[in-house]
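Examining the three-dimensional arrangement
One-letter residues, chain by chain:
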Amino acid sequence: MAEPGLAVRRRSRPASARKRSQAPAQLHHAAASPLASKRLSPGFEEAPAEPPVRAAEGECNNDSEEDMFGDYDSFCGNDSLLAQVDDMEQVYLRDKDTDIKAAGEFMLGNPQSGSDQRKQSDFSTSASAAVHKVERDDGFQRNENDLIDNNEEPGDVILDELPSSQFLYLEEMDELSSASKNSAGTKRNDNYMNSCLDKISSPSFCHVAEQRDGNTEVCKGSRCDLSKQESLKDHLKSAMTGNAKAQTLLVSKTKQLKEAVLSKEICVARKTIESSSDDIGPFYGLPSKVKDLLRQFRGIETLYEWQHDCLTLESLQQRKNLIYSLPTSGGKTLVAEILILQELLCRQKDVLMILPYVAIVQEKVWGLSSFGVELGFLVEEYAGSKGRFPPIKRRIKKSLYIATIEKGHALVNSLIETERIDHLGLVVVDELHMLGEGSRGATLEMTLAKILYASKNTQIIGMSATLNNVGDLQKFLQADYYTNNFRPVELKEYIKIQDTIYEVDSKAENGFTFSRLLSFKYSSNLEKADPDHIIALVTEVIPKYSCLIFCPTKKNCENVASMVCKYLNKEFRAHREKEKQDLIKNLKTIGNGSICPVLKYTIPFGIAYHHSGLTNDERKSIEEAYSAGILCLLACTATLAAGVNLPARRVILRAPYVAREFLKKNQYKQMIGRAGRAGIDSAGESILIVQEKDKQLVQDLVNSPLENCYSNLLPEFTKGIQSLLLSLVGLKIAVTLEEIYSFMCCTLLGVQQQLLSKEKSLLDIIKEGVKNLIENGLLKGKISEKDHNSQSILTITQLGKATYKGSIDLAYCNALYRDLKKGLEGLVLESNLHLLYLATPYDMIYNCNPDWMIYLRQFNQLSAAEQKVADIVGVPESFITKKASGQAIRKNVDTGIINRLYLSFVLYTLLKETNVWSVSEKFNMSRGYVQSLLTSAASFASCVLHFCEGIDHGVRKCC
């Protein structure tokens, strides 16, 4: 009888399976029908048979489609075949001492005993062989796939979990992984198990099984090892369960062959790279499929000559570090991507790619995810609030981490702390010149210095279009250097002064050579509205070609876009009119029905602005429209120059300023480098518009070399050298003064020691920084003023550990600890306002200028409990009221707290309304700023989480 509640579903066997073994199948059904009648509960109606499964043309039939368990999904139950096998085995074990000959004579009393004996022997032998075969195949699959060290904890490894950056490719990734790794092994196992089950289901076997009350005959050839601990039933049950659960995919023979070829080529390439052979394989040590993918996804047929020379450098073959520099648009990124694929596929190591901005990270993640799907590696995004620390350990697939500078530093810290830094085979740094740019440069220097010190097997590749003091960088990174002046499209530089355009010529005495006078004439009204002749310069190229106008400020971008549209002919509106309307509709959808009035006016002319005031979705839509040629002109800020790849036929610099600062040579080169699109334009032009008062400054700019790259560890004190010293002790990279000094000599600051003031040496600076950390309760230890070779061991406090783990700026760590501790004393949980205040980033509060009337209005809309939050953090209602009414304030209130609470109101309103447009209107802020605040708060909340995880209840009051 069937067990109570056991649901049994009838299903038909596929036609292909029935045709494969018609006679055994008929016998099988005849033998199984009595069991079926027993298993069906009263009143059970047979479900209609499912239509037979047809294999797609060109695909192979799979025997695993056959029903292994007869007509049932389950093999559970007392009267199942496995139960019969178990009973028969027990009878045999019970009577193992009985004379085999006597047992044979007993069986000969049955007319079919000879047949039964032969079939029983066949069953025993086949079943045993099948079980051992399945075990062997399963063991092979495990040994092949489990590429993780035995000492790694299983709980730390998530084999099939994909990063969010590849969410769109989930189905394709699963299909590729299953098809390439499981199809062949599954089919072999199913063939053996089906053969075994056909023999188990034969009527002669059932006949023998029915004689459980007598002795069972076992022929000499079928004897098995009785010392085995696991029974035959357990073997069969385990094997059949595994096959029943396995999802068998119908994979075409063509695809199997392609996967086999790819796997073979990767193995060959791996051996080639490990050897010193001059033969670099089908495609620079990579399988030929990579070349096909570059053609398919990028349209790249062949590499430039310099790219071939760079990829075949002896230094790369010897895995030395490399710095290479070429003009913008020279094709630097493709070389880096080929090196990344070599590391992922051939050397089976993880890779870290560091990019300067979140937008570029997202663009690169999207661009390389398709390669990951096709080639079997993972692409993980580390930007903003995204990224897991430490990253997930993976047995098979290797990971490409694409990170911003800050996230890349945190990732390296986590890998060093978990002793996994050697898993990182390659680090690629784009825009290497950013080593010399403020706190971000200091963070990048710390990251590279730690990698160089902690891992001798990690290769570093740095690239940039604007490098000058390469010698210092080479010494710091212990790298070779490659440079080339190649540019796929010729770039002509022009300077416009009043009505004259000059061509930039470095050989000329003043840097300029006369080019031409402006040939167009303006009306008096137009001359007054456009004294710089931007409209004339623009209309020479649009709408046939594209154009970029770099403006000093965001407001200037919008004004220029509107001004150009005001004087354009109506013919411009007819160019790709429908696609422009679709873009406007898309922007309205993004803004929940709202659209910027400037964009609504300019887009029909094919013109838009691009700056940080736009939301991420708006920027993405505008960039895609520009790349597709729907928009032909963008008025943008300087951030676009080092941002996403949006080249143009002509680039116009509205003024030689970025905000209020005069243009640097590096910035100038980055901007004009956007002129000329490879494969589209035959030439590129840049025009810098200069007022007469700036003529000499521009002349110096043109003739000056690129700026040198200097270390920012010292100028950025809390974000630089102090932060580095704290993490060195926390990560146990260097725990004595002597070890710290040894490490610091390997940094860019150590290489450039001669630039330090004569009053203080590098050792003095280190001792001063360590002493400061000890005084602030972040480190413990003693530093001798006299002994320069002190061996006193430094240790990190819980507060210090929490600070470097959370990547908290040392200038704010004590303030954050105070705020969190104060929150524990009286945290208001009736709303999310207090929690949002704690997650509001400190670095945004000093750029905030509250509108006091809005401040008071928002405060009055809060509930009594929410108003209590303001009082707890230190902003009384009376202060806001007096500020709004313009009264004098006698009591001093911390400006940082005031601004932080105001930004908390913005986040709280955004949490309730979720509409960036309405929130930006309420607080009179740009929607881009509101979204930037949201992104920064999410990132800072992640930092606070790690800060809290690193701190415990034993932390004493340190402030």
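All figures in this text were calculated on a predicted structure; none of them were measured in a lab.

To continue, consider the overall build of the protein. Each helix and strand in the protein was counted, giving 40 helices and 19 strands. Looking at the protein as a whole, 51% of its 959 residues are labelled buried. Expressed as a percentage of contacts within the protein between residues at least 6 apart in sequence, the contacts between residues at least 24 apart total 76%. Working note: accessible area of the protein is about 46600 Å², and carbon and sulfur atoms make up 49% of it.

Turning our attention to the side chain of glutamate 343. Relative to the assigned elements, glutamate 343 resides in helix H14 (residues 332-346). Looking at glutamate 343, the relative accessible area reads 1%, which means it is buried. A distance of 3.3 Å separates the side chain of glutamate 343 from the side chain of arginine 347, its partner in a polar contact. The contacts of glutamate 343, once residues within four sequence positions are left out, are Arg319, Gln348, Lys349, Asp350, Val351, Gly425 and Leu426.

Angle between the axes and distance between the axes: these two values describe a pair of packed helices. It is at 10 Å that the axes of helix H23 (residues 577-590) and helix H25 (residues 616-627) come closest, and there the two elements cross at 165°. Compared by their axis directions, H23 and H25 come out roughly antiparallel. With respect to the hand of their crossing, H23 and H25 are arranged in right-handed fashion. Within the contact between the two elements, H23 uses Leu583, Asn586, Leu587 and Ile590 and H25 uses Asp617, Glu618, Ser621 and Ala625.

Now for the side chain of aspartate 430. Its location among the elements puts aspartate 430 in strand E5 (residues 424-430). In this structure aspartate 430 is buried but unpaired, with lysine 332 as the nearest side chain of opposite charge at 6.2 Å. Setting aside residues up to four positions removed in sequence, aspartate 430 forms contacts with Ile354, Leu355, Pro356 and Met463.

Side chains that differ in charge, positive against negative, can pair when their charged atoms come close. Following the criterion strictly, the structure yields 22 salt bridges and no others. Here aspartate 292 makes a salt bridge to arginine 295, at a shortest N to O gap of 3.2 Å. Of the two residues, aspartate 292 and arginine 295 both sit in helix H11 (residues 288-298), three residues apart, roughly one turn of that helix. The class of aspartate 292 is partly exposed, set by a relative accessible area of 39%. Taken together, the salt bridges that share partners define one network made up of Asp292, Arg295 and Glu301.

Our next topic: the confidence of the model for the protein. Of all residues in the protein, 68% attain a pLDDT of 70 or more, and the chain-wide mean is 76. Confidence, read as mean pLDDT per element, is least for helix H2 (residues 22-39) in the protein (38) and greatest for strand E2 (residues 350-354) (97). Taken together, the stretch residues 99-160 has pLDDT below 50 and engages in 80 contacts with residues farther than four places along the chain or on a different chain. Long-range and interchain partners of residues 183-189, a stretch whose pLDDT sits below 50, account for 14 contacts in this model, where long-range means more than four residues apart.

Under the counting rule described, the total for this entry stands at 17 aromatic pairs. Between the aromatic rings of tyrosine 382 and phenylalanine 389, the centroid separation amounts to 5.5 Å while the plane-to-plane angle is 65°, which identifies the pairing as edge-to-face. Look at tyrosine 382 and you get buried, because its relative accessible area is 0%. Ring plane angle 15° and centroid distance 5.2 Å describe the contact between tyrosine 812 and tyrosine 842, whose orientation is recorded as stacked. On the criterion of sequence distance, the pair formed by tyrosine 812 in the loop between helix H32 (798-805) and helix H33 (813-826) and tyrosine 842 in the loop between helix H34 (833-838) and helix H35 (852-860) is long-range, its members being 30 residues apart. With relative accessibility at 6%, the residue tyrosine 842 sits in the buried group. Here the aromatic cluster, defined as three or more aromatic residues joined through ring pairs, consists of Trp852, Tyr855, Phe879, Tyr902, Phe905 and Phe923.

In this structure, Leu352, Leu448, Phe476, Leu477, Ile740, Met744 and Phe947 are the most contacted members of the largest nonpolar core, which totals 117 residues. Considering every element that reaches this core, the biggest residue donor is helix H38 (residues 895-913), with nine residues. Beyond its immediate chain neighbours, meaning those up to four positions away, leucine 352 contacts Tyr401, Ala403, Gly408, Leu411, Val412, Leu424, Leu426, Val427 and Val428. Ranked by size, the runner-up nonpolar core spans 71 residues in total, among them Cys551, Cys565, Tyr626 and Ala648.

Turn by turn, an α-helix covers 3.6 residues, leaving residues three or four places apart pointing in a common direction. For helix H37 (residues 877-885), the full list of buried residues reads Phe879, Ile880 and Ala884. Summarising the axial view, the buried residues of H37 lie within an arc of 130°, below the 170-degree limit, and thus occupy one face. Check the buried side of H37 and you find it contacts H35 and H38. Remark: glycine 886 follows H37 within two positions and exhibits a positive phi of approximately 80°.

Right, let's talk about a nonpolar patch on the surface for a bit. Where nonpolar side chains cluster on the molecular surface, the patch consists of Leu827, Leu829 and Leu835 and spans about 270 Å² of accessible area. With respect to the secondary-structure elements, leucine 835 resides in helix H34. Overall, the relative accessible area of 41% leaves leucine 835 in the partly exposed class.

Turning our attention to the pairing of E2. In terms of residue burial, E2 counts as a mostly covered element, since five of its five residues are buried. Side-chain alternation along E2 places Asp350, Leu352 and Ile354 on one buried face and Val351 and Met353 on a second face that is also buried. Of the strand pairs in this sheet, E2 and E5 are connected by five bridges, and their pairing is parallel. Bridged to valine 351 within E5 is leucine 426.

Moving on: the sheet that holds E2. Taken together, the seven strands give an open sheet; going across it, the order is E3-E4-E2-E5-E6-E1-E7, and neighbouring strands pair in parallel fashion. Either end of the sheet is taken by a strand with one partner, and the two such strands are strand E3 (378-382) and strand E7 (479-483). Pairwise comparison of adjacent strand axes, ignoring direction, gives a mean angle of 15° for this sheet. In the sheet, E5 pairs with strand E6 (residues 459-464) via five bridges, with the strands oriented parallel. The residue bridging valine 429 from the neighbouring strand is glycine 462, located in E6.

About the criteria used
Residues numbered from 1 in each chain as written. Predicted model: local features only at pLDDT ≥ 70, side-chain atom pairs only at ≥ 80, totals over all residues. Heavy atoms only, no water. Helix = DSSP H or I, 4+ residues; strand = E, 2+ residues; numbered from the N terminus. Buried < 20%, exposed > 50% of the residue type's maximum accessible area, 1.4 Å probe, protein only. Contact = heavy atoms within 4.5 Å. Areas by Shrake-Rupley, 256 points an atom, 1.4 Å probe, with all protein chains shown as cover. Polar contact = N/O pair within 3.5 Å; in protein donor to acceptor, adjacent residues only side chain to side chain. Axes fitted to C-alpha atoms, helices over the stretch in contact; angles between N-to-C directions. Parallel < 35°, antiparallel > 145°, perpendicular 65-115°, else oblique. Left-handed = near helix turned anticlockwise from the far one by under 90°. Lys, Arg positive; Asp, Glu negative; His and termini not counted. Salt bridge = Lys/Arg side-chain N within 4 Å of Asp/Glu carboxyl O. pLDDT = per-residue confidence, 0-100. Phe/Tyr/Trp six-rings, centres within 6.5 Å; stacked < 30°, edge-to-face > 60°. Core = buried A, V, L, I, M, F, W, Y, C linked by side-chain atoms within 4.5 Å. Arc of directions from axis to C-beta. Patch = residues over 30% accessible without salt bridge, like charges linked within 9 Å, V, L, I, M, F, W, Y side chains within 5 Å. Pairing = 2+ DSSP bridges.

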